[in-house]
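# Coordinate analysis (summary)
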Amino acid sequence: MSAVDFHQILGLTPDASAAEIKRAYKRLAMRWHPDRNPDPQAHVQFRLVREAFERLSRVPDQAPEAPPRRHTPKGADRRMDIEVDLHEAARGATVTVTIEGREACDECDGTGQRSYGRTTMCGTCYGSGRVRDEGGLTPCTACNGKGFTTDNHCPACTGRGWNPADRQLAINIPAAMLPGEELRVAGQGGPAPENGEPGDLYLTLRAKPHPIFRLNGHDLHVTVPVSIFRTLAGGLIEVPTLDGIREVLLSEASAGTEIRVPKAGFPGRGRRPAGDLQVHLETQYPQFLSKEQKAMLEMAEQVLLHQLEAQSPSLANWNAALEAYR
Ligand SMILES: [Zn+2]
Ligand SMILES: [Zn+2]
């Protein structure tokens, strides 16, 4: 006599857990119980299912040669992205994440079946269990010759055996975590297997686009519009940082240059130092000039011409070349 595959009778793979075995048994026992199922094969099937369950429930002493497990079995890890703005990433924040989950349906004890199926007359054979074809009357395939069909699906869970059970988790994001870095939340991953522990949750930090700053590594970049007069004359300008506004001294004739403010970028964490703030100056020209401004610029130009060699050697060279060409 060939070996009986008890797992197969219960529709399971050989690695099924005790909980899965129990669940499959409940489902099949409900389906094949002779009190509920008028199929003439029902009692045979029911006995088979019960025997399979009893045999498989004795499993522990059946596998003595299995190597002892070194580690506690663990549920699957779960990975999610978590989006914060740059300020939250820099200072730390508490955010709520929603973890999709499932819980076994109470109504059907996770079997997906209801105890009393809803019986409907078969529409294909009109309840006779037979249909007419070339060979005469043959058993109806739509109802397996029973003349009726039974809807066993649990209405509470539409037959899935589980209902969605989402969880809300409050997550503390430590200060100065860089976007792209991962935060591990122990025990919030997939469900624990038999005698095991649940998986972990890994959250990858993502930064929402910021209206002012761009983050590059741990350096913060910012474009600051500055008037042509200020870029020529130098002086203090206001520059935003993640901690608020700072005054930065602009040297004379700074058009086209960039300013680096050390340690004013993304804050440091552990051994990682704080980043720098890289200020890109964007020279702004006025749309028009007042009479006074024109007069002052004219005066500035005259002064320049008087000391051209010192103030602008390239312009002085050009003037000399022009003179030779004349
Ligand atoms: Zn039928
Ligand atoms: Zn249910």
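Just so it is clear, the structure is predicted and the values come from calculations on it, not from any experiment. (Residues numbered from 1 in each chain as written. Chains lettered and ligands numbered in written order. Predicted model: local features only at pLDDT ≥ 70, side-chain atom pairs only at ≥ 80, totals over all residues. Heavy atoms only, no water.)

### Topic: the overall build of the protein
- Each helix and strand counted, the protein has eight helices and 17 strands in total.
- For the protein, the C-alpha radius of gyration of 39 Å lies well beyond 20 Å, the compact-globule estimate for 326 residues.
- Taking the principal axes of the C-alpha coordinates as reference, the protein spans close to 115 × 55 × 40 Å.
- With 326 residues in all, the protein has 31% of them scored as buried.
- Long-range pairs, those at least 24 residues apart, make up 60% of the contacts in the protein with a sequence separation of at least 6.
- With an accessible surface of roughly 21,800 Å², the protein has 51% of that area assigned to carbon and sulfur atoms.
- Between the mean site of the 38 positive side-chain charges and the mean site of the 41 negative ones, the protein shows a separation of 8 Å. (Helix = DSSP H or I, 4+ residues; strand = E, 2+ residues; numbered from the N terminus. Rg over C-alpha atoms; globule rule 2.2 N^0.38 Å. Buried < 20%, exposed > 50% of the residue type's maximum accessible area, 1.4 Å probe, protein only. Contact = heavy atoms within 4.5 Å. Areas by Shrake-Rupley, 256 points an atom, 1.4 Å probe, with all protein chains shown as cover. Lys, Arg positive; Asp, Glu negative; His and termini not counted. Charge placed at Lys NZ, Arg CZ, Asp CG, Glu CD.)

### Here's the deal with the coordination of the zinc ion (ligand 2)
- Around the zinc ion (ligand 2), the donor atoms from the protein are Cys 105 (SG), Cys 108 (SG), Cys 154 (SG) and Cys 157 (SG), and they sit 2.2 to 2.3 Å away.
- Bound by four donor atoms, the zinc ion (ligand 2) shows angles of 104 to 118 degrees at the metal and therefore tetrahedral coordination geometry. (Donors = N, O, S within 2.8 Å, 3.2 Å for Na, K, Ca; no water. Tetrahedral: all angles 85-135°; square planar, octahedral: opposite > 155°, others 65-115°.)

### Quick look at the domain arrangement of the protein
- The domain boundaries assigned to the protein delineate domain 1 (3-56), domain 2 (72-100 + 168-208), domain 3 (102-165), domain 4 (214-284) and domain 5 (291-325).
- Its C-alpha centre places domain 3 at a distance of 71 Å from the equivalent point of domain 4. (Domains from an automatic or database assignment.)

### Describing the coordination of the zinc ion (ligand 1)
- Only Cys 122 (SG), Cys 125 (SG), Cys 140 (SG) and Cys 143 (SG) from the protein reach the zinc ion (ligand 1) as donors, at distances of 2.2 to 2.3 Å.
- Taken together, the four donor atoms coordinating the zinc ion (ligand 1) and their angles of 102 to 114 degrees define a geometry best described as tetrahedral.
- Here the donor residues for the zinc ion (ligand 1) map to a single chain with the spacing C-x2-C-x14-C-x2-C. Of this pair, Cys 122 sits in the loop between strand E4 (113-121) and strand E5 (130-133) while Cys 140 sits in the loop between strand E6 (136-139) and strand E7 (148-153), and the two are 18 residues apart along the sequence.

### Brief notes about the sheet that holds strand E10 (residues 182-185)
- With respect to topology, three strands assemble into an open sheet ordered E1-E11-E10, the strand pairing being mixed. Each edge of the open sheet is held by one strand with a lone partner, namely strand E1 (78-84) and E10. Across the sheet, the axes of successive neighbouring strands diverge by a mean angle of 30 degrees, strand direction being ignored. (Pairing = 2+ DSSP bridges. Axes fitted to C-alpha atoms, helices over the stretch in contact; angles between N-to-C directions.)

### What about the pairing of strand E11 (residues 201-207)?
- Along E11, five of the seven residues are buried, which leaves the element largely enclosed by surrounding structure.
- In this structure, E1 lies alongside E11, joined through seven bridges in parallel fashion. Paired with Ile 82 across the strands is Leu 205, a residue of E11.
- In terms of strand pairing, E10 meets E11 through four bridges, oriented antiparallel. Within E11, the residue paired with Glu 182 across the bridge is Thr 204.

### Some remarks on the UniProt feature "repeat: CXXCXGXG motif" (unreviewed entry) in the protein
- In the numbering adopted here, UniProt assigns the feature "repeat: CXXCXGXG motif" (unreviewed entry) to residues 105-112, 122-129, 140-147 and 154-161.
- Regarding residues 122-129, the helix share stands at 0% and the strand share at 0%, and the terminal C-alpha atoms are separated by 8 Å. (UniProt positions renumbered as here; feature names shortened; annotations may be inferred.)

### Describing a nonpolar patch on the surface
- On the surface, Phe 229, Leu 289 and Leu 297 cluster together into a nonpolar patch covering about 210 Å² of accessible area.
- Structurally, the position occupied by Leu 289 is in the loop between strand E17 (277-284) and helix H6 (291-306). (Patch = residues over 30% accessible without salt bridge, like charges linked within 9 Å, V, L, I, M, F, W, Y side chains within 5 Å. Salt bridge = Lys/Arg side-chain N within 4 Å of Asp/Glu carboxyl O.)

### Some thoughts on the UniProt feature "binding site: Zn(2+) 1" (unreviewed entry) in the protein
- The UniProt feature table records "binding site: Zn(2+) 1" (unreviewed entry) at Cys 105, Cys 108, Cys 154 and Cys 157. For this annotated set, covering 53 residues, all C-alpha atoms fall within 9.0 Å of each other, a compact arrangement in space.
- Using a relative accessible area of 5% as the deciding quantity, one classes Cys 108 as buried.
- Here Cys 108 is in contact with Gln 113, Cys 154, Cys 157 and Gly 161, once residues within four sequence places are set aside.
- Tracing the backbone through its elements, the reader meets Cys 157 in the loop between E7 and strand E8 (162-164).
- Given the relative accessible area of 0%, Cys 157 is considered buried.

### Things to note about the sheet that holds strand E16 (residues 258-261)
- Strand order in the open sheet made by the four strands is E12-E13-E17-E16, with mixed pairing throughout. Strand pairing shows two members of the sheet lacking a second neighbour, strand E12 (213-216) and E16, which therefore form its edges. Sheet twist, expressed as the average angle between the axes of neighbouring strands with direction ignored, equals 30 degrees.
- Here four bridges tie E12 to strand E13 (residues 219-227), and the two strands are oriented antiparallel to one another. Residue pairing for E13: Phe 213 is matched across the bridge by Val 222.

### Some words on the nonpolar core
- Counting 36 residues, the largest nonpolar core has Ile 171, Ile 237, Leu 277 and Val 279 as its most contacted members.
- With four residues, E13 is the single largest residue contributor to this core.
- Residue-level mapping places this core at the junction of two domains, with at least three residues from each of domain 2 (72-100 + 168-208) and domain 4 (214-284).
- With residues near it in sequence (within four places) discarded, Val 279 still touches Val 222, Val 224, Val 239, Glu 258, Ile 259 and Val 261.
- Ala 16, Ile 21, Tyr 25 and Leu 56 belong to the second-largest nonpolar core, a separate cluster that totals 16 residues. (Core = buried A, V, L, I, M, F, W, Y, C linked by side-chain atoms within 4.5 Å.)

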